[in-house]
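# A look at the structure
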Amino acid sequence: MLSKLSAGKQRFLAGLSLSVSAIVSAPVFASNEVNVYSYRQPFLIQPIFNAFTRDTGIKVNVVFAKKGLTERLVREGRNSPADLVFTVDIGSLEEVVSANVVQSLNDPILEKNIPAQYRSPTGQWFGLTTRARAIFASKDRVKSGDITNYEDLADPKWKGKVCSRSGKHPYNLALIASMIAEHGDAYTEQWLTAVKTNLARKPQGNDREQVKAIKDGLCDVSLGNSYYYGAMLTDEEQFEWANAVNIIFPNQSNRGTHVNISGMSLTQSAPNKENAVRLMHFLTEDLAQRMYSEQNFEYPIKPGVQASGLVTSWGSYKADARPLSEIARFRPDAVKMVDRVGFDN
Ligand code: FE
């Protein structure tokens, strides 16, 4: 019947039905939403939020930012529209805790899905994914077994062969904090000083740029988060960088590889708390956990969920079992140590 109408009439009718459904659904959405502040990037998190909305009818409004979200939450205080804040790294998780902008949540589902070492003992933050701080080593110049521990990076045999990003980057600070937790201050400072002595160049760039430097022959080993290996292997330009290195999971014969997390916290204000908790549950269940791994090559935090095929192909590894909340306690010491050693100079 529609086909008998003029094109103009059809457009009018289509517009009308659109606006009618908008009117009908608007009040539902207004009370049925959840507001998220996110340091995580849209490409990663948006498809997962879309799946949640399809499942529940709850709309997810997201503010993405590279920095300043904690300050914004402080500024907005009790009137903040935010329900959840999504962070990467224990550094920023602890930052929202000390800024007093998040609340504690005791929740049996989250406690079942997330191993205790990857959530705050007081329920103020919860891990969503894990990533290993791996060693990348030249396929051509580093033989299998030549380097197996973080401690080995201090060995004089690597003089002039180590590349690193800034010691003050959160990923390195967390690793250094885990070294302090394991070995104490004195040993770790010696270690860090020796690693600095082994550097091929002044710390610069990000994790991937160190791998490129290995490919270019500037150095032989570097530290990097595991998901960047996946990101490079699936990138046309960067494939060659990744293809020049092996990924090594350090400390397998002792405490295990240092692992960090991306995570989430319920804000102090949380005007839509019930919906927020539903989203938190959804993100720790199998579907979302799998999507994170497919999308960004991270490891699911929920035990028993398979990582993506590519991630699985790197082999399994033993993770350091020390709770991240304990490692986080040594982070301020790590910051001072990087300065004292002059790691970035
Ligand atoms: Fe990263």
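Because the structure is a prediction, the values reported are computed rather than measured. (Residues numbered from 1 in each chain as written. Predicted model: local features only at pLDDT ≥ 70, side-chain atom pairs only at ≥ 80, totals over all residues. Heavy atoms only, no water.)

## A look at the state of the cysteines
All chains considered together, the criterion is met by one disulfide. At a sulfur-sulfur separation of 2.1 Å, the disulfide partner of C163 is C219. Negative torsions about the S-S bond denote left-handed disulfides, and the value of about -105 degrees found for C163 with C219 makes this one left-handed. You can see C163 sitting in strand 5 (residues 162–163) and its partner C219 sitting in the loop between helix 8 (207–215) and strand 6 (221–225), a full 56 residues away along the chain. C163 sits in the buried class, given a relative accessible area of 1%. (Disulfide = S-S within 2.5 Å. Helix = DSSP H or I, 4+ residues; strand = E, 2+ residues; numbered from the N terminus. Buried < 20%, exposed > 50% of the residue type's maximum accessible area, 1.4 Å probe, protein only.)

## Thoughts on the nonpolar core
Of all hydrophobic cores here, the largest spans 101 residues; its most connected members are L84, F86, V221, L279 and L283. Taken domain by domain, the makeup of this core includes at least three residues from each of domain 1 (33–130 + 259–308) and domain 2 (132–258 + 326–340). Those residues in contact with L279 that sit more than four places away from it in its chain are V34, V36, F49, F52, V60 and L84. (Core = buried A, V, L, I, M, F, W, Y, C linked by side-chain atoms within 4.5 Å. Domains from an automatic or database assignment. Contact = heavy atoms within 4.5 Å.)

## Focus on the pairing of strand 1 (residues 33–38)
Judged by how many residues are buried, strand 1 sits mostly within the fold: six of six residues are covered. Every second residue of strand 1 is oriented toward a common face, with E33, N35 and Y37 on one face and V34, V36 and S38 on the other, all of them buried. Pairing analysis gives six bridges linking strand 1 to strand 2 (residues 59–64), with the strands arranged parallel. Note on strand 2: the bridge partner recorded for V34 is V60. Crossover connection from strand 1 via helix 2 (residues 42–56) to parallel strand 2: handedness right-handed. Note: strand 1 against strand 3 (residues 84–88), three bridges, orientation parallel. Paired with S38 across the two strands is F86, which belongs to strand 3. (Pairing = 2+ DSSP bridges. Right-handed = clockwise from strand over helix to strand, strands pointing away.)

## Examining the packing of helix 6 (residues 170–183) against helix 7 (residues 185–198)
Running from N to C, helix 6 and helix 7 point in directions that differ by 135 degrees, and their axes come no closer than 7 Å. Of the possible angle classes, the one that applies to helix 6 and helix 7 is oblique. By crossing handedness, the relation of helix 6 to helix 7 is classed as right-handed. Contact with helix 6, carried on its side by I176, M179, I180 and H183, involves D185, Y187, T188, W191 and L192 of helix 7 and no other residues of that element. Taken together, the residues that form the contact of helix 6 with helix 7 break down as six nonpolar, two polar and one charged. (Axes fitted to C-alpha atoms, helices over the stretch in contact; angles between N-to-C directions. Parallel < 35°, antiparallel > 145°, perpendicular 65-115°, else oblique. Left-handed = near helix turned anticlockwise from the far one by under 90°. Nonpolar A, V, L, I, M, F, W, Y, C, P; charged D, E, K, R; others polar.)

## Observations concerning the domain arrangement of the chain
A common way to report how large an interface is uses the accessible area buried once the components associate. As far as domains go, the chain holds domain 1 (33–130 + 259–308) and domain 2 (132–258 + 326–340). Of note, the centres of domain 1 and domain 2, computed from C-alpha atoms alone, are 27 Å apart. Counting from both sides, the interface comprises 10 residues of domain 1 and, opposite them, 15 residues of domain 2. Taking both sides of the interface into account, the surface hidden between domain 1 and domain 2 amounts to around 1,000 Å²; carbon and sulfur atoms contribute 66%. On the domain 1 side of the contact with domain 2, I90, V259 and F297 bury the most area, a combined 47% of that side's loss. At the boundary of domain 1 and domain 2, one finds zero salt bridges. Summed over the shared surface of domain 1 and domain 2, the result is one residue pair in polar contact (both at pLDDT 80 or more). Mapped by element, the contributors of at least two residues to the side of domain 1 that touches domain 2 are helix 4 (89–98) and strand 8 (259–266). The element best represented in the side of domain 1 that touches domain 2 is helix 4, accounting for four residues. Among the residues forming the side of domain 1 that touches domain 2, the class breakdown is four nonpolar, three polar and three charged. (Buried area = accessible area lost by both parts, 1.4 Å probe. Salt bridge = Lys/Arg side-chain N within 4 Å of Asp/Glu carboxyl O. Polar contact = N/O pair within 3.5 Å; in protein donor to acceptor, adjacent residues only side chain to side chain.)

## With respect to the packing of aromatic side chains
Note on aromatic pairs: each is described by the distance of the centres and the angle between the planes. One pass over the structure, following the stated rule, counts seven aromatic pairs. Their ring planes at 0 degrees and their centres at 4.5 Å tell us that F249 and Y317 sit as a pair that is stacked. Remark: Y317 occurs in the loop between helix 13 (309–312) and helix 14 (324–329) and F249 occurs in the loop between strand 7 (245–248) and strand 8; sequence separation between them is 68 residues. With a relative accessible area of 10%, F249 lands in the buried category. A centroid spacing of 5.4 Å and a plane angle of 70 degrees characterise the contact between Y299 and Y317, whose relative ring orientation is edge-to-face. (Phe/Tyr/Trp six-rings, centres within 6.5 Å; stacked < 30°, edge-to-face > 60°.)

## Thoughts on the confidence of the model for the chain
Residues at a pLDDT of 70 or more form 91% of the chain, whose mean pLDDT is 92. Across residues 1–30 the pLDDT falls below 50, and counting only partners more than four positions away or on other chains, this stretch makes seven contacts in the model. (pLDDT = per-residue confidence, 0-100.)

## Section: the packing of helix 6 against helix 15 (residues 331–341)
Between helix 6 and helix 15, the least distance of the axes is 8 Å, while the angle of their chain directions is 105 degrees. Between helix 6 and helix 15, the angle is such that the two are roughly perpendicular. Contacts from P170, L173, I176, A177 and I180 in helix 6 reach R331, D333, A334, V335, M337 and V338 in helix 15. A class-by-class count of the residues in the contact of helix 6 with helix 15 yields nine nonpolar, no polar and two charged.

## A word on the coordination of the iron ion
The coordination sphere of the iron ion, as far as protein atoms go, consists of Y171 (OH), Y227 (OH) and Y228 (OH), spread over 1.9 to 2.1 Å. Taken in chain order, the donor set of the iron ion reads Y-x55-Y-Y. Residue classification places Y227 among the buried residues on the basis of a relative accessible area of 5%. (Donors = N, O, S within 2.8 Å, 3.2 Å for Na, K, Ca; no water.)

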